[in-house]
Amino acid sequence: MPVSTLVRFAPSPTGLLHAGNARTAVINYLFVRKTGGKFFLRIDDTDAGRSKPEFEAAIVADLAWLGLLHDVFARQSEREDAYRAAAEKLKASGRLYPAYETPDELERKRKRAAARGKPPVYDRAALELTAAERAKLEAEGRKPHWRFKLTQQPVAWHDLIRGDVVIDTATLSDPVLVREDGRFLYTLPSVVDDIDFKVSHIIRGEDHVTNTAAQIEIFEALGAGRPEFAHHPLLVGAGGESLSKRLGSLSLQYLRDEGVEPPALVAYLAKIGTSDPIEPRPSLDVLATEFEFAKVGRAPAHFDVGELMTLNGKLLHTLTYDIVRERLAGAGADLGEAFWEAVKPNLTRLADAANFRTLIEGPVTPLREDPELLTKAASLLPPEPYTDASWNEWTSAVGAATGRKGRALYHPLRLALTGSETGPELKKLLPLIGRARALARLEGKVA
């Protein structure tokens with residue numbers, strides 16, 4: 001392993017980050033946190049038409065919300081001189097060559113190849129053009145796009161997740177690196193940045209496996225060593241559907257609005273698709289300590305919102321009042337530590353604590369399932385102050401006086417005191433409700 005590790009997360013600011021993007025960021029961050037390296041946030045904004053500053057700002061905000069703070073930052077739109085210099089170097093060595101086919105001509109070639117049962121690989125016709133033929137095409141107004149000349153040899157690497165990988169570049173089309181209008185496509189800027197910033201490990205989705213072979217050849221053509229690679233399986237929806245950032249499907253903004261806690265989401269993304277159990281973890285440091293590439297499975301990981309919300313609830317159940325006090329106040333649900341301790345076992349979202357405020361302050365419309373029991377319970381309701389023990393003492397007395405026990409005892413009391421079938425433990429609610437409201441509700445009054 002290199003003395004210093006540097007990983008990069010390289011989103012395009014053309015939409016909101018979704019859970020699939022975030023999983024890649026989390027894996028990169030945990031690896032570099034474990035190895036004591038640096039996290040490089042690179043904004044891949046070479047597509048000027050679709051890149052938006054508001055999406056870049058959202059990416060930075062989303063990563064900060066997750067706790068994934070970058071050590072190094074760059075925008076590709078500000079590094080075009082470096083890409084141009086690399087392109088000129090490749091042209092000079094004969095590895096970047098001009099091609100003049102129009103999109104329609106290339107599509108016809110692909111269709112002819114398919115009709116003959118051959119793969120849609122570019123036929124390198126541009127390499128056969130003479131200088132006179134190129135001059136004639138340019139005189140007609142055609143501008144070339146520029147393709148990288150692959151070696152058409154096998155390229156091998158040891159992938160930290162997939163194991164040994166070999167791809168024969170003879171099965172690939174020479175990739176276009178520069179468009180007709182001079183704009184750079186993804187591949188060349190990505191490699192140049194990885195070289196210039198000394199990226200040690202490229203950790204990304206397995207949809208990039210094939211183009212890794214071409215990128216390795218570009219690294220070598222530019223005289224640079226290759227980084228390590230790790231390609232993880234893609235994250236899919238619960239039903240196996242792809243996650244689209246432009247449709248906002250499972251975007252981090254949506255998950256945040258739904259009340260997902262950042263540590264719950266990070267833990268879920270870190271553990272989903274691995275051999276580890278999915279449980280809340282106390283910190284990023286703990287997750288980093290537990291991270292191993294060997295634990296990442298090869299099958300697509302299914303992102304289940306229901307499973308995430310269950311984990312979200314488990315996390316909330318561990319939080320102390322001091323941690324959540326300000327947020328409870330912001331949600332209009334700060335009724336003190338005793339209230340938080342009473343309601344948190346019933347929460348999946350912190351904002352839901354506000355829904356339980358009515359149980360304390362009212363108005364609650366009581367449900368009278370067993371009037372005889374409720375009348376006796378009202379007569380036996382002890383004076384304040386109440387403690388956690390008051391509920392058991394009171395219900396024991398009511399049970400002894402009425403002969404009721406189990407559900408026949410507790411269910412009518414819950415319906416009367418809360419107007420609901422379910423909710424927080426009544427032994428914790430009774431001291432908060434207080435004797436006056438409890439008595440009124442036992443008597444069937446809205447209180």
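Now for a description of the structure that goes with this document. On a predicted model such as this, the values are computed, not experimentally measured, just so you know.

## Some details on the sheet that holds strand β5 (residues 145–148)
Now for step 1: Ordered by their spatial adjacency, 3 strands build an open sheet running β4-β5-β8, and the pairing between neighbours is antiparallel. One side of each edge strand has no neighbouring strand; the edge strands of this open sheet are β4 (96–99) and β8 (176–178). Adjacent strand axes in the sheet meet at a mean angle of 45 degrees when their direction is disregarded.
Now for step 2: As defined by bridge partners, β4 adjoins β5 across 4 bridges and the pair is classed as antiparallel. Across the sheet, residue Y97 finds its bridge partner in β5, namely R147.

## Observations concerning the packing of helix α15 (residues 371–380) against helix α16 (residues 388–402)
Two packed helices can be described by the angle between their axes and the distance between those axes.
Now for step 1: At a minimum axis distance of 10 Å, the contact between α15 and α16 shows a crossing angle of 130 degrees. The orientation of α15 relative to α16 falls into the category oblique. Crossing angle aside, the handedness with which α15 passes α16 is right-handed. Contacts between α15 and α16 involve L373, K376, A377 and L380 on the former and, on the latter, W394, A397, V398, A401 and T402.
Now for step 2: Tallied by class, the residues present in the contact of α15 with α16 amount to 7 nonpolar, 1 polar and 1 charged.

## Some thoughts on the packing of aromatic side chains
Now for step 1: Scanning all chains against the criterion turns up 9 aromatic pairs.
Now for step 2: Residues W391 and Y410 carry aromatic rings whose centres are separated by 6.4 Å and whose planes lie at 35 degrees to one another, so their mutual orientation is tilted. One end of the pair, W391, is in helix α16; the other, Y410, is in helix α17 (residues 407–418), and 19 residues separate them in sequence.
Now for step 3: Residue classification places W391 among the buried positions, given a relative accessible area of 6%.
Now for step 4: Residue class for Y410 comes out partly exposed when judged on its relative accessible area of 38%.

## Quick look at the pattern of salt bridges
Now for step 1: Enumeration according to the criterion identifies 37 salt bridges in this entry.
Now for step 2: R84 is the salt-bridge partner of E80, the closest N and O atoms lying 3.5 Å from each other. Taken together, the residues E80 and R84, both in helix α3 (residues 80–92) and 4 residues apart, mark about one turn of the helix.
Now for step 3: Take R84: its relative accessible area is 38%, and that puts it in the partly exposed class.
Now for step 4: With its nearest N and O atoms 3.1 Å apart, the salt bridge here joins D81 to R84. Placement of both D81 and R84 in helix α3 is noted, with a separation of 3 residues, approximately one turn of the helix.
Now for step 5: Connected via shared salt-bridge partners are R8, R42, D44, R79, D193, D194 and D196.

Conventions adopted
- Residues numbered from 1 in each chain as written.
- Predicted model: local features only at pLDDT ≥ 70, side-chain atom pairs only at ≥ 80, totals over all residues.
- Heavy atoms only, no water.
- Pairing = 2+ DSSP bridges.
- Helix = DSSP H or I, 4+ residues; strand = E, 2+ residues; numbered from the N terminus.
- Axes fitted to C-alpha atoms, helices over the stretch in contact; angles between N-to-C directions.
- Parallel < 35°, antiparallel > 145°, perpendicular 65-115°, else oblique.
- Left-handed = near helix turned anticlockwise from the far one by under 90°.
- Contact = heavy atoms within 4.5 Å.
- Nonpolar A, V, L, I, M, F, W, Y, C, P; charged D, E, K, R; others polar.
- Phe/Tyr/Trp six-rings, centres within 6.5 Å; stacked < 30°, edge-to-face > 60°.
- Buried < 20%, exposed > 50% of the residue type's maximum accessible area, 1.4 Å probe, protein only.
- Salt bridge = Lys/Arg side-chain N within 4 Å of Asp/Glu carboxyl O.

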